[in-house]
Amino acid sequence: MEKAVNEGVHGEVREEPGGVWSGSWVAERLGVELVGEDRLTELLGLALRRNPKRAHLLVSNVLGKHVPQSPSVVYGQGVELGRRVRELLGDEEAGRAVVLGYAETATGLGHSVADGLGLAPYLHSTRRPVAGIAAAGGFEEAHSHATSHLLLPQDPALLAGDGPLVLVDDEFSTGNTVLNTVRDLHERYPRRRYVVVALVDMRSADDAGRLEAFAREIGARVDLVAAASGTVRLPEGVLEKGQELVARYESESGAEGRAAAAAPSWPVAQFPAPPNNGVAVEADQEVTPLGARGTARPAPTGRHSAGNRIDLHWPANLPDGARHGFTPAHREELEAALPGMAARIADALPADARRVHILGFEELMYAPLRLACELERTAGVEVRYSTTTRSPVLAVDDPGYAIRTRLAFPAHDDPADGPGERYAYNVAGAGFDAVVVVVDSAGDTPALHAPDGLPARLAAHTPCVLLAVIPSYVPERPSMLPEPLRGPAFSSYAPEEVGWLLRDLSDVTLEAPTEEREEAIQSGGAHYAESLPVEYQPSERYQELFHAALDDSAARIAQATGVVTETVLAERGPRPVLVSLARAGTPVGILMRRWAQHRHGLDLPHYAVSIVRGRGIDANALRWLAAHHDPRDVVFVDGWTGKGAITRELAQALEEFEKSDGITGFSPEIAVLADPGSCVRTYGTREDFLIPSACLNSTVSGLISRTVLRADLVGPHDFHGAKFYRELAGTDVSVAFLDAVSDRFPEVEDAACAQAKELLAADRSPTWEGWAAVERICEEYGIHDVNLVKPGVGETTRVLLRRVPWKILARAGAGSDLDHVRLLAEQRGVPVEEAAELPYTCVGLIHPKYTRGATGADGKAVSV
């Protein structure tokens with residue numbers, strides 16, 4: 001009976017005489033058939049693996065994973081597929097494409113396809129989480145032994161374009177992996193076109209129909225490009241028969257391995273670990289190659305021992321692969337460096353080496369492949385290429401079986417799923433004069449250099465083992481910014497309702513009397529964001545007004561919430577990231593999030609950030625958002641517009657941020673509940689009515705203060721600051737306000753959706769009517785600064801609560817919407833004047849030239 005071999009065999013793995021197909025062993029025992037193009041048996045062999053979902057494994061002869069192959073053949077397969085994709089798309093569409101490959105098996109193939117396209121950036125999925133790098137997506141591979149794929153692009157916008165997405169895998173068997181990927185990405189980054197690329201298309205007719213139906217469902221075109229096509233016929237009970245066969249052969253190979261362990265061991269030459277990286281394998285230590293048959297070659301000592309490292313002089317800051325993205329510019333840089341790096345490998349080889357193997361490392365397939373190609377082209381030696389893998393496959397020493405030998409060794413890159421075995425197939429016993437192991441620096445650990453590590457295992461089967469280490473590329477990130485603050489530690493909102501991108505300044509005294517602050521602000525001695533007003537404590541009568549106003553307007557606010565949320569979902573994609581402008585925008589952002597949950601079952605991320613007039617939006621908050629989300633998904637939210645100053649502030653700040661940081665994609669458009677000034681396109685209403693959250697300060701805003709920006713408190717790597725007024729919990733109505741509004745969602749749902757549909761079809765271009773009105777008021781009342789004119793109910797309320805008001809202008813017949821304004825004005829001794837042709841319900845005028853002895857617009861004391 002043929003012997004199962006779990007470790008290296010000294011016999012050479014070569015093309016078998018007589019044209020024996022490397023899938024015949026499995027086909028004869030399990031009845032598995034490859035049906036389709038004649039070329040299939042040239043491209044594929046068969047093996048068995050211990051897997052509860054699929055016993056057989058299609059083993060590619062041209063992928064460079066399990067079967068050592070000429071690197072030019074491996075690279076040429078991918079490049080040719082890429083050229084076919086370019087012909088399919090045309091140059092213009094190819095220039096807008098992004099290529100996505102699958103870990104671990106197709107990372108190199110995908111990269112080669114991207115090279116064939118020539119114009120497209122490339123990203124591959126990964127099973128290796130990277131500290132500090134947030135995932136931009138992920139998906140499951142149902143039949144795999146390791147399922148979770150992460151997408152970790154350095155630039156999240158890489159996945160956000162609307163050009164074609166080219167998905168590359170080694171085989172297209174059921175289509176499940178592609179469906180899972182497209183479903184996940186299409187929800188967030190919808191595209192019109194997808195191209196699926198594989199070495200072999202092995203789908204059944206049912207699976208082919210399922211992909212076509214899915215394409216119709218999402219309204220996109222899906223093309224398929226493959227080197228060959230066919231299908232696998234599996235007889236009934238093949239999974240159980242395959243599992244029995246694997247168990248039987250593994251049992252026999254285990255006995256053989258134990259016998260081999262008793263045989264004499266062979267010395268392993270010194271293979272030093274990197275500096276400060278643990279204990280090396282010393283020259284007098286010994287390793288037994290478990291399961292080896294015959295005589296293993298002792299590793300030689302001297303210059304060409306297992307201790308030889310090759311310094312490739314890998315270019316600084318050039319990615320080792322496409323785990324975080326690889327651009328055409330990166331490719332040009334690599335091409336320029338390849339001749340020199342290959343020459344260094346050639347110089348390190350023994351003079352008599354004629355057959356050399358380049359062994360890559362799991363997902364690190366492309367860089368070793370390109371090095372192997374260059375060595376093959378220039379060094380005058382026979383070169384073969386393959387990589388190590390996580391995939392456990394049965395090895396059987398038979399010419400009709402695709403996996404002849406297996407070297408097992410411990411994982412050496414501190415994998416997230418814990419320690420385990422890794423494998424190199426068909427390398428032991430292949431008669432290589434030298435093996436060059438290429439790993440990234442994340443895999444250059446003490447475990448690699450241990451007595452049972454990969455170089456030591458290889459040293460028992462080849463005279464020379466060399467090591468080349470490529471620096472693991474980790475994208476530069478802004479200095480470590482903290483995670484968002486959340487309730488109940490910061491704010492009275494539930495933690496899932498909002499994350500505050502703010503610094504907690506609760507222990508700092510920042511409050512100053514209103515008159516003192518106003519005088520300092522208007523004299524130029526201080527900015528309004530450098531201090532806080534004393535929190536207004538509402539009287540019993542005022543609180544009654546708040547609750548009455550809330551009862552009156554809850555349904556109106558609920559409908560406006562529905563309108564603005566439906567508009568955002570329709571225009572900004574199915575899964576927007578809500579970013580409220582603290583603090584007035586925060587309750588509105590939470591209401592929008594609740595509407596999306598109520599109406600669509602969506603769980604939208606929601607954050608609050610600081611924007612300060614004259615200072616811009618918090619740039620560190622933008623950096624945090626860009627590191628964790630696609631900037632194109634971000635929708636800025638505010639409570640209402642006045643004259644549109646913050647709208648202009650945001651647009652200018654984002655323009656400056658793009659120039660300083662090079663991060664693009666943030667839209668300057670703001671979504672608001674109410675837009676009485678006609679300053680934005682996305683709103684719930686343009687009526688100027690009382691939004692009760694404007695009636696109070698922190699006690700309706702999660703007990704959070706207005707934001708603070710002061711150089712001695714907020715450093716260059718800090719978020720803007722704010723305070724949490726825990727002591728005011730007894731009068732907090734923040735959650736009560738939200739609940740009162742969201743309780744009315746069901747009754748306004750139909751009306752809100754109908755209104756949103758009408759608005760989406762209408763011209764919503766801003767007219768800036770409010771800004772023109774403010775300029776008229778400035779001229780009429782002799783006010784030198786438009787920032788002292790605060791139009792609208794919300795802004796007028798803020799003037800009365802935080803600043804030194806001069807007078808209030810009210811539209812005739814405003815009614816109950818101004819009850820709270822009149823009460824506050826009465827308490828502060830501020831006159832309320834009726835004004836004609838006012839586009840707002842009211843306008844608050846801050847004292848134009850305030851000193852503590854003055855009441856007139858010229859700063860002099862006058863009677864009122």
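Refer to the structure presented above.
Notes on the structure follow. Sequence positions are assigned chain by chain, starting from 1 and proceeding in written order. Restriction of local features to residues with pLDDT of at least 70 applies here, the model being predicted, together with a cutoff of 80 or more for giving and counting side-chain atom pairs; totals for whole chains, interfaces and linings are based on all residues. The side-chain figures draw on all heavy atoms in the structure; neither hydrogens nor water molecules are used.

1. A word on helix 21 (residues 819-828)
Part 1 of the argument: When helix 21 is considered as a whole, its buried residues turn out to be His820, Val821, Leu823, Leu824 and Ala825.
Part 2 of the argument: Those residues of helix 21 hidden inside the fold are in contact with helix 13 (540-571), helix 20 (793-802), strand 32 (805-811) and strand 33 (832-835).
Part 3 of the argument: Note on conventions: DSSP H or I runs of at least 4 residues are helices, E runs of at least 2 residues are strands, and numbering of each starts at the N terminus. Positive backbone phi, at 70 degrees, marks Gly829, one or two positions downstream of helix 21. Buried means the residue's accessible area, taken with a 1.4 Å probe over protein chains only, is under 20% of the maximum for its type, while exposed means over 50%, and partly exposed covers the values in between. For this analysis, residues touch if any pair of their heavy atoms sits within 4.5 Å.

2. Observations concerning the sheet that holds strand 1 (residues 33-36)
One key point about sheets: their strands pair by backbone hydrogen bonds, in either a parallel or an antiparallel sense.
Part 1 of the argument: Paired strands are those between which DSSP finds at least two bridges. If you walk across this open sheet you meet the six strands as 1-10-9-8-4-5, and the pairing is mixed. Either end of the sheet is taken by a strand with one partner, and the two such strands are strand 1 and strand 5 (122-124). Neighbour-to-neighbour, the strand axes of the sheet open up by a mean angle of 30 degrees, direction not taken into account.
Part 2 of the argument: Helix axes use the C-alpha atoms of the stretch in contact, all axes being lines fitted to C-alpha atoms, and the angles between their N-to-C directions lie in the range 0 to 180 degrees. Relative to strand 8 (residues 165-172), helix 6 (residues 176-188) is tilted by about 160 degrees, and along the sheet it contacts strand 4 (98-101), strand 8 and strand 9 (193-201).

3. Notes on the sheet that holds strand 33
Part 1 of the argument: If you walk across this open sheet you meet the four strands as 31-34-32-33, and the pairing is mixed. Either end of the sheet is taken by a strand with one partner, and the two such strands are strand 31 (789-791) and strand 33. With direction set aside, neighbouring strand axes in the sheet form an average angle of 25 degrees.
Part 2 of the argument: This element, helix 20, spans strand 31, strand 32 and strand 34 (842-846) of the sheet and lies at about 30 degrees to strand 34.

4. Section: the pattern of salt bridges
Note on pairing: side chains with opposite charge can pair once their charged atoms come close.
Part 1 of the argument: Salt bridges are identified by distance alone: a Lys or Arg side-chain nitrogen within 4 Å of an Asp or Glu carboxyl oxygen. The tally for this structure, following the rule as stated, stands at 39 salt bridges.
Part 2 of the argument: Residues Arg221 and Asp223 are paired through a salt bridge, measuring 2.9 Å at the closest nitrogen-oxygen approach.
Part 3 of the argument: Across the salt bridge formed by Arg744 and Glu747, the nearest N and O atoms sit 3.0 Å from each other.
Part 4 of the argument: Assessed through its relative accessible area of 25%, Arg744 is described here as partly exposed.
Part 5 of the argument: One network of salt bridges, with partners in common, ties together Asp115, Arg331, Glu335 and Arg370.

5. So, unusual backbone geometry
Part 1 of the argument: Residue Glu104 is bonded to the preceding Ala103 through a cis peptide linkage, with omega at -10 degrees.
Part 2 of the argument: Following the sequence through the fold, Glu104 ends up in the loop between strand 4 and helix 5 (107-117).
Part 3 of the argument: Between Gly487 and Pro488 the backbone carries a cis peptide bond, its omega angle lying at 0 degrees.
Part 4 of the argument: Mapped onto the secondary structure, Pro488 falls in the loop between strand 19 (465-470) and strand 20 (499-500).

6. A few points about the side chain of Lys807
Part 1 of the argument: Along the chain, Lys807 falls in strand 32.
Part 2 of the argument: Given the relative accessible area of 13%, Lys807 is considered buried.
Part 3 of the argument: The definition of a polar contact used here is a pair of N or O atoms within 3.5 Å, where within protein one atom must be able to donate a hydrogen and the other to accept one, and adjacent residues in sequence count solely through side-chain atom pairs. At a separation of 3.3 Å, a polar atom in the side chain of Lys807 contacts the side chain of Glu833.
Part 4 of the argument: When neighbours within four sequence positions are excluded, Lys807 is seen to be in contact with Tyr781, Val830, Pro831, Glu833, Val843, Gly844 and Leu845.

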